[in-house]
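# Structural description and commentary
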Amino acid sequence: MSLNTNTWNRLRYTLYLPVYDLIADRIFRKYRKRSVELLAAKPTDAILILGAGTGLDLPYLKGYTNLTAIDITPGMISKLKQRADELGMPVHAQVMNGQQLDFADNSLDAVILHLILAVIPDPVACIKEVERVLKPGGTAMVFDKFLPDGQQPSILRRLFNQLASTLFSDINRSIGSIVSHTSLKVELNEPAALGGAFRVIRMCKPAENVA
Ligand SMILES: C[S@@+](CC[C@H](N)C(=O)[O-])C[C@H]1O[C@@H](n2cnc3c(N)ncnc32)[C@H](O)[C@@H]1O
């Protein structure tokens, strides 16, 4: 049984904090930058970084004036605030569960989900929250590793995933099945790190969702 719960994630990411940037910065820089480029947001757009970690995306978001960052791990948010100060960037950062966002319906222009959909215990609850808080026509950018849609993981892979999902991230999630619970439309899905196992994905909330 996987230990992937919010309590466990808060604990393990607190423990990983001192070395997190060594692992997650250099190899993923190119894709963080690419994702922000593909978002193509306006400088004043209301942008949420969900599961923002230590704020490694911030250097690519300079010039954006309405940034909010949330994460379930208090230590991550402290480190992110420190980074935002060092970069001279105004970021509203707070501890929050990405499966239960404290934002109004249709209130955000964009949500950035980097290395979170394969980590968060309930990715469907998370993406439904993203759908809820996005304005019609709003954009969500995902960077993460996924199993190709429709591919079933082998028994060995399922077994290994018990360990992977507990210590690192789930290796058996597919973006198609996560997004299928929402009205979000995948506009672009391009290969990124590890020969395309990681993807940069842009999705949009249809404008006709307006009530
Ligand atoms: C792999 S890290 C990614 C951090 C950052 N997005 C990045 O790209 O470096 C996963 C992050 O998700 C956070 N997290 C896990 N579960 C969460 C939840 N339910 N709500 C919000 N953040 C969560 C962890 O605390 C951790 O900072």
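Residues numbered from 1 in each chain as written. Predicted model: local features only at pLDDT ≥ 70, side-chain atom pairs only at ≥ 80, totals over all residues. Heavy atoms only, no water.

### Topic: the overall build of the chain
Counting its regular elements, the chain contains six helices and seven strands. Starting at the N terminus and walking to the C terminus, you meet the elements of the chain as α-α-β-β-α-β-β-α-β-α-α-β-β. A compact globule built from 211 residues would reach a C-alpha radius of gyration of about 17 Å, and the chain, at 16 Å, matches this within 12%. Seen through its principal axes, the chain has C-alpha atoms that stretch 45 × 40 × 30 Å. By the burial criterion, 54% of the 211 residues in the chain qualify as buried. Considering only contacts in the chain between residues 6 or more positions apart, those separated by 24 or more positions represent 70%. Placing the 24 positive and 20 negative side-chain charges of the chain at their respective mean positions leaves the two points 5 Å apart. (Helix = DSSP H or I, 4+ residues; strand = E, 2+ residues; numbered from the N terminus. Rg over C-alpha atoms; globule rule 2.2 N^0.38 Å. Buried < 20%, exposed > 50% of the residue type's maximum accessible area, 1.4 Å probe, protein only. Contact = heavy atoms within 4.5 Å. Lys, Arg positive; Asp, Glu negative; His and termini not counted. Charge placed at Lys NZ, Arg CZ, Asp CG, Glu CD.)

### A word on the sheet that holds strand β5 (residues 134–145)
Either a parallel or an antiparallel arrangement is found when strands of a sheet pair, and the pairing is made through backbone hydrogen bonds. Pairing is mixed across the open sheet formed by seven strands, whose spatial order is β3-β2-β1-β4-β5-β7-β6. In this open sheet, the two strands that pair with only one neighbour each are β3 (91–95) and β6 (185–191). For this sheet the average axis-to-axis angle between neighbouring strands, irrespective of direction, equals 15 degrees. As paired strands, strand β4 (residues 108–114) and β5 are joined by six bridges and run parallel to one another. Note that in β5 the partner of Leu-108 across the bridge is Leu-134. Sheet strands in contact with helix α3 (residues 74–87) are β2 (67–71) and β3, and its direction is about 170 degrees off that of β3. (Pairing = 2+ DSSP bridges. Axes fitted to C-alpha atoms, helices over the stretch in contact; angles between N-to-C directions.)

### Some points on the packing of helix α1 (residues 6–24) against α3
Where α1 meets α3, the closest approach of the two axes is 8 Å, and the angle between their N-to-C directions is 35 degrees. The residues of α3 that touch α1, namely those facing Arg-10, Tyr-13, Leu-17, Tyr-20 and Asp-21, are Pro-74, Gly-75, Met-76, Lys-79 and Arg-83. Within the contact of α1 with α3, the residues separate by chemical class into five nonpolar, one polar and four charged. (Nonpolar A, V, L, I, M, F, W, Y, C, P; charged D, E, K, R; others polar.)

### Remarks on the site of the ligand
Around the ligand sit 19 residues, and of these Arg-32, Gly-51, Asp-71, Thr-73 and His-114 come closest. Gly-51 places a polar main-chain atom, nitrogen or oxygen, 2.6 Å from a nitrogen atom of the ligand. Taking His-114, its main chain carries an N or O atom lying 2.7 Å from a nitrogen atom of the ligand. Coverage of the ligand by the protein chains reaches 98% of its 600 Å² of free accessible surface. In terms of residues, the shell around the ligand owes the most to one element, α1, which gives four residues. (Near = heavy atom within 4 Å. Polar contact = N/O pair within 3.5 Å; in protein donor to acceptor, adjacent residues only side chain to side chain. Areas by Shrake-Rupley, 256 points an atom, 1.4 Å probe, with all protein chains shown as cover.)

### Things to note about the pairing of β5
Put simply, side chains in a regular strand alternate between the two faces of the sheet. Counting buried residues along β5, nine of its twelve residues qualify, which places the element largely inside the surrounding structure. Note on the crossover from β4 through helix α4 (residues 123–133) to β5: the handedness is right-handed. Pairing of β5 with strand β7 (residues 198–204), which is carried by seven bridges, proceeds in the antiparallel orientation. Looking at β7, one finds that Asp-144 is bridged to Arg-199. (Right-handed = clockwise from strand over helix to strand, strands pointing away.)

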